[in-house]
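Notes for the structure review
Each chain, written out:
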Amino acid sequence: MTVAVLLILPLLLGWLLDFFFGDPSWLPHPVVWFGKMISWGEHRLNKGDYLMAKGAVMAVCFILLVFFVVWGLKRLIPNVVVWLILDTIIIFYCLAGTTLIREVREVFLALDRSLDEGRQQVARIVGRDTSQLSAQEVRTAALETLAENLSDGVIAPLFWLALLGTPGMLAYKMVNTLDSMIGYRTERYKDFGCWAARIDDVANYIPARLTALLMVIASGKLSLLKFVWKNGSRHASPNSGYPEAALAGALNCRFGGPHYYFGELFDKPYIGENDRELTTQDMHTAVRINRLSEIFMLLLVIGAAFLL
């Protein structure tokens, strides 16, 4: 088999599995194991002196461990069919497009029933305190997450797959999990999680901007590129603002603003200016943009495999 086929076949199979099934709750997931590893390390190392150094060593060691375990495992497998199955499983686990869309849809459905249900549902996919959110803020939080996690959960994993294969793809998921668990500027994590956050910033720098570009193309409004360029940097994260700006521009709405994380208020700048009421139709439009962007990225990776 050619190198292109060895990449494309598991890519298509893994993507189709994610498209139709998402992440079944009954299956063990590597990200859960990563979370347990990070929690174990954080509880033992995030105390005393040299917190930044300890956090850096833990983050780098965990990322390299995941990469070389997968790389070594693939080198030990002589059978091409087993190799393809392993790659398919890894790609399936690393993609989160369908699960993300399902969760966002559930937020809007729950909100139609009651505000409390909407708050509880959106708490499953955001890190902020949701107990006092208004209905508009619940919808905004869900759509912001949909845009941001299109990059983290689909485009970036596919980018690192194209660059470093499945070892790089799974190592990226460790990078992302580290950032989501300890990459906060709170009193507890500001030193220990500093390196985890910075590594995540570097790993997502190109994918976040690529995500925004694909979303603009998917929206059919190329004039939004100027809006994204202007508003993408209006975010505490150097990356998250770009896909959020692309979706805010496509929907002609406003994202951002102050939110509570772990009891601390973070005053995020606004992205966009039209503070209009968001609707279920906006969610459907956002989902369509996400799916088209995902397909465009899939085609890019396939094209790169044939060219390279």
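Let me begin by describing the structure that accompanies this report. (Residues numbered from 1 in each chain as written. Predicted model: local features only at pLDDT ≥ 70, side-chain atom pairs only at ≥ 80, totals over all residues. Heavy atoms only, no water.)

Structural notes on the overall build of the chain
Heads up, the rule is: Runs of E in the DSSP output that reach at least two residues are strands. Runs of H or I that reach at least four are helices, and both are numbered from the N terminus. When we talk radius of gyration, it's over C-alpha atoms, and the globule rule is simply 2.2 Å times the number of residues to the 0.38. The buried label goes to any residue with under 20% of its type's maximum accessible area, the exposed label to any with over 50%, and the partly exposed label to all in between, with areas taken from a 1.4 Å probe on protein chains only.
Across its full length, the chain carries 11 helices and 2 strands. Beginning at the N terminus, the succession of helices and strands in the chain can be written as α-α-α-α-α-α-α-α-α-α-β-β-α. Taking 308 residues into account, the globule formula puts the C-alpha radius of gyration at 19 Å, and the chain, at 19 Å, falls close to it. In terms of overall dimensions, the chain has a C-alpha envelope of 55 × 50 × 40 Å along the principal axes. Out of the 308 residues in the chain, the part that is buried amounts to 52%.

Some words on the packing of aromatic side chains
Two aromatic rings, taken as a pair, are described by how far apart their centres are and by the angle between their planes. Just so we agree on the cut-off: Any two rings among Phe, Tyr and Trp, with Trp reduced to its six-membered ring, count as a pair given centres within 6.5 Å; such a pair is stacked if its planes are under 30 degrees apart, edge-to-face if over 60, and tilted if neither. Criterion for a charge above a ring: Lys NZ or Arg CZ within 6 Å of the ring centre, and within 35 degrees of the ring normal.
Taken as a whole and judged by the stated rule, the model has 6 aromatic pairs. Relative to tryptophan 160, the ring of phenylalanine 159 has its centre 5.4 Å away and its plane inclined at 90 degrees; by these criteria the two rings are edge-to-face. Tryptophan 160 carries the same exposure label as phenylalanine 159, and that label is buried. Site record: aromatic cluster; members linked through ring pairs are Trp15, Phe19 and Phe20. The lysine or arginine in question, arginine 209, covers the ring of tyrosine 205, its NZ or CZ lying 3.7 Å from the ring centre. Arginine 254 extends its terminal NZ or CZ atom over the ring of tyrosine 270, reaching a point 3.7 Å from the ring centre.

Side note on the nonpolar core
This is how the line gets drawn: By convention a nonpolar core is built from buried Ala, Val, Leu, Ile, Met, Phe, Trp, Tyr and Cys residues, the set being connected through side-chain atoms within 4.5 Å.
Counting 83 residues, the largest nonpolar core has Val104, Val122, Leu143, Leu158, Leu178 and Leu247 as its most contacted members. Broken down by element, this core gets its largest block of residues, 22 residues, from helix α7 (residues 135-182).

Notes on the environment of isoleucine 155
Our working definition: The criterion used for residue contact is that any of the two residues' heavy atoms lie within 4.5 Å.
Mapped onto the elements of the fold, isoleucine 155 is located in helix α7. A relative accessible area of 0% places isoleucine 155 in the buried class. For the pair isoleucine 155 and isoleucine 63, spaced 92 residues apart in sequence, the C-alpha separation works out to 19 Å. If we skip the residues at most four places from it in the chain, isoleucine 155 touches Leu150, Pro207, Leu210, Thr211, Leu214, Ser293, Glu294 and Met297.

A closer look at the pattern of salt bridges
Note the threshold: Salt bridge criterion: a side-chain nitrogen from Lys or Arg within 4 Å of a carboxyl oxygen from Asp or Glu.
All chains considered together, the criterion is met by 11 salt bridges. Salt-bridge contacts for lysine 190 lead to glutamate 187; the nearest nitrogen and oxygen are separated by 3.6 Å. Judged by relative accessible area, which is 42%, lysine 190 ranks as partly exposed.

Concerning helix α8 (residues 194-219)
Worth spelling out the cut-off: What a helix is expected to span follows from its residue count: subtract one and scale by 1.5 Å. Take the seven residues that end at a residue and the seven that start at it, fit an axis to each, and the angle between those axes is the bend at that residue.
Between the first and last C-alpha of α8 there are 35 Å, a value that for 26 residues agrees with the 38 Å anticipated at 1.5 Å per step. The largest bend in α8 comes to about 50 degrees, at asparagine 204, with the proline proline 207 one to four residues further on. Positive backbone phi, approximately 75 degrees, marks glycine 220, located one or two places after α8.

A closer look at a nonpolar patch on the surface
Rules: Residues qualify for a patch when their relative accessible area is over 30% and they have no salt bridge, like charges being joined within 9 Å and the nonpolar side chains of Val, Leu, Ile, Met, Phe, Trp and Tyr within 5 Å. Accessible surface is estimated by sampling points in the Shrake-Rupley manner with a 1.4 Å probe; for residues, cover comes only from the protein chains shown.
A contiguous nonpolar patch, built from Met52, Val60, Leu64, Phe68, Trp71 and Trp195 and spanning about 570 Å² of accessible area, is present on the exposed surface. Among the elements that take part in the nonpolar patch, helix α3 (residues 51-76) stands out by supplying 5 residues, more than any other. Relative to the elements of secondary structure, methionine 52 occurs in helix α3. Given the relative accessible area of 39%, methionine 52 is considered partly exposed.

Re the environment of asparagine 231
Within the secondary structure, asparagine 231 sits in helix α9 (residues 224-231). In this structure, the C-alpha to C-alpha distance between asparagine 231 and lysine 173, residues 58 residues apart in sequence, is 27 Å. Excluding anything up to four places from it in sequence, asparagine 231 contacts Gly241, Ala245, Ile271 and Gly272.

Topic: the side chain of glutamate 103
Worth spelling out the cut-off: Whenever a nitrogen or oxygen atom comes within 3.5 Å of another N or O atom, the pair is scored as a polar contact, on the condition that within protein one atom can donate a hydrogen and the other can accept it, and that pairs from neighbouring residues in sequence are kept only if both atoms are in side chains.
Residue placement: glutamate 103 occurs in helix α5 (residues 97-113). The exposure class of glutamate 103 is buried, given its relative accessible area of 15%. For glutamate 103, the side chain forms a polar contact with the side chain of arginine 124, separated by 2.6 Å. If we skip the residues at most four places from it in the chain, glutamate 103 touches Gln121, Arg124 and Ile125.

Let's talk about helix α2 (residues 30-45)
The end-to-end C-alpha distance of α2 is 22 Å, a good match for the 22 Å that 16 residues give at a rise of 1.5 Å each. Against the buried residues of α2 lie α3, α4 (80-94) and α7.

Details of the environment of proline 207
Inspection of the secondary structure puts proline 207 in helix α8. Ignoring any residue separated from it by four or fewer positions in sequence, one finds proline 207 in contact with Ser151, Ile155, Ala156, Phe159 and Trp160.

Quick notes on the state of the cysteines
One way to say it: the disulfide is the covalent bond shared by the sulfur atoms of two cysteines. Note the following rule: The definition used for a disulfide is geometric: two cysteine sulfur atoms within 2.5 Å.
In this structure the tally under the stated criterion is 0 disulfides. The cysteine cysteine 194 is free of any disulfide, with cysteine 61 supplying the nearest cysteine sulfur at 17 Å.

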